[in-house]
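Working through the structure, step by step
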Amino acid sequence: MPSPGSAQESAATSRRSKITPERAQELYTAVLDLLRESGYESLTMEGVASRTRCGKSTLYRQWGSKPELVVAALHGTRRTLFSDIDTGTLSGDLHEAARVVDATSGKDTALMHALSHAALQNPDLLCALHSTLIAPAIASIDEMVERAVRRGEIAADNPAAEYVAAQVLGIMRARSLLEGRYPEDTFLARFIECAVLPALGIPASPPAPEGSGT
């Protein structure tokens, strides 16, 4: 005879299987878009239902509550921004990361802002935010630094090495708070050249010649 716990899990699995993975992705995308547009407090199950033409009762039956739906959306659309970057130098890696941030900051930084305050009040949401957006980015930048150490670009005991991820990711949030705009490629490139690389003892790249087209 199955235990009450296993019976509940079976019922939950059956209930959740009514939405296909493709439909779930559509719902998750809509949830994150609404978060970026209006913030967490303004997000409602009714709004998600309206945006996706899905019954509100279906959303509640599938996920139970707004926090659960947002957590599922974060995990269901998880991606890593910097995992494929490997240019052969730390300077090149960080500049490529800046270009990636420039291309995605309107989405990811806006999402971070939308969720940051709410996540402090909801441990599950905070955990999901950290595991899906923050931790992968930190791990990728730390790996860039570790590769640089292995190549001999920077000393293994350089005290600034452990703060590279905090610098790069921190400036993304700080600039939008201080100046009301997202950090674009040019700003991040200058930050890397003037603040990050000097602390690591890596010479800044020479400026491109005028009219070079690069």
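Described in the following lines is the structure provided in the data block. (Residues numbered from 1 in each chain as written. Predicted model: local features only at pLDDT ≥ 70, side-chain atom pairs only at ≥ 80, totals over all residues. Heavy atoms only, no water.)

Once that is clear, we can look at the overall build of the chain. Each helix and strand in the chain was counted, giving nine helices and zero strands. Listed by position from the N terminus, the elements making up the chain come as α-α-α-α-α-α-α-α-α. Per-residue burial for the chain yields a buried fraction of 41% across its 214 residues. Partitioning the contacts of the chain with sequence separation of at least 6, the portion at a separation of at least 24 is 67%. (Helix = DSSP H or I, 4+ residues; strand = E, 2+ residues; numbered from the N terminus. Buried < 20%, exposed > 50% of the residue type's maximum accessible area, 1.4 Å probe, protein only. Contact = heavy atoms within 4.5 Å.)

The end-to-end C-alpha separation of helix α2 (residues 21-38) is 26 Å, in line with the 26 Å expected for 18 residues at 1.5 Å each. Regarding α2, the residues found buried are Ala24, Leu27, Tyr28, Ala30, Val31, Leu32, Leu34 and Leu35. Note on α2: the residue one or two positions beyond its end, glycine 39, has a positive phi of about 90°. (Expected span 1.5 Å × (residues − 1).)

To continue, consider the packing of α2 against helix α5 (residues 66-76). Contact geometry of α2 with α5 gives a least axis separation of 9 Å together with a crossing angle of 110°. The orientation of α2 with respect to α5, classified from their angle, is roughly perpendicular. Taking contact as the criterion, the partners of Gln25, Tyr28, Val31, Leu32 and Leu35 in α2 are, on α5, Leu69, Val70, Ala72, Ala73, Leu74 and Gly76. Classifying every residue of the contact of α2 with α5 gives nine nonpolar, two polar and no charged. (Axes fitted to C-alpha atoms, helices over the stretch in contact; angles between N-to-C directions. Parallel < 35°, antiparallel > 145°, perpendicular 65-115°, else oblique. Nonpolar A, V, L, I, M, F, W, Y, C, P; charged D, E, K, R; others polar.)

Moving on to the side chain of threonine 132. Considering the arrangement of structural elements, one finds threonine 132 in helix α7 (residues 123-151). A distance of 2.6 Å separates a polar atom in the side chain of threonine 132 from the backbone oxygen of alanine 128. (Polar contact = N/O pair within 3.5 Å; in protein donor to acceptor, adjacent residues only side chain to side chain.)

The subject of this paragraph is helix α3 (residues 45-52). Taken together, the buried positions of α3 are occupied by Met45, Val48, Ala49 and Thr52. With its buried residues spanning 100° around the axis, α3 presents them on a single face. Residues of α3 that are buried sit in contact with α2, α4 (56-63) and α5. Note on α3: the residue one or two positions beyond its end, arginine 53, has a positive phi of about 55°. (Arc of directions from axis to C-beta.)

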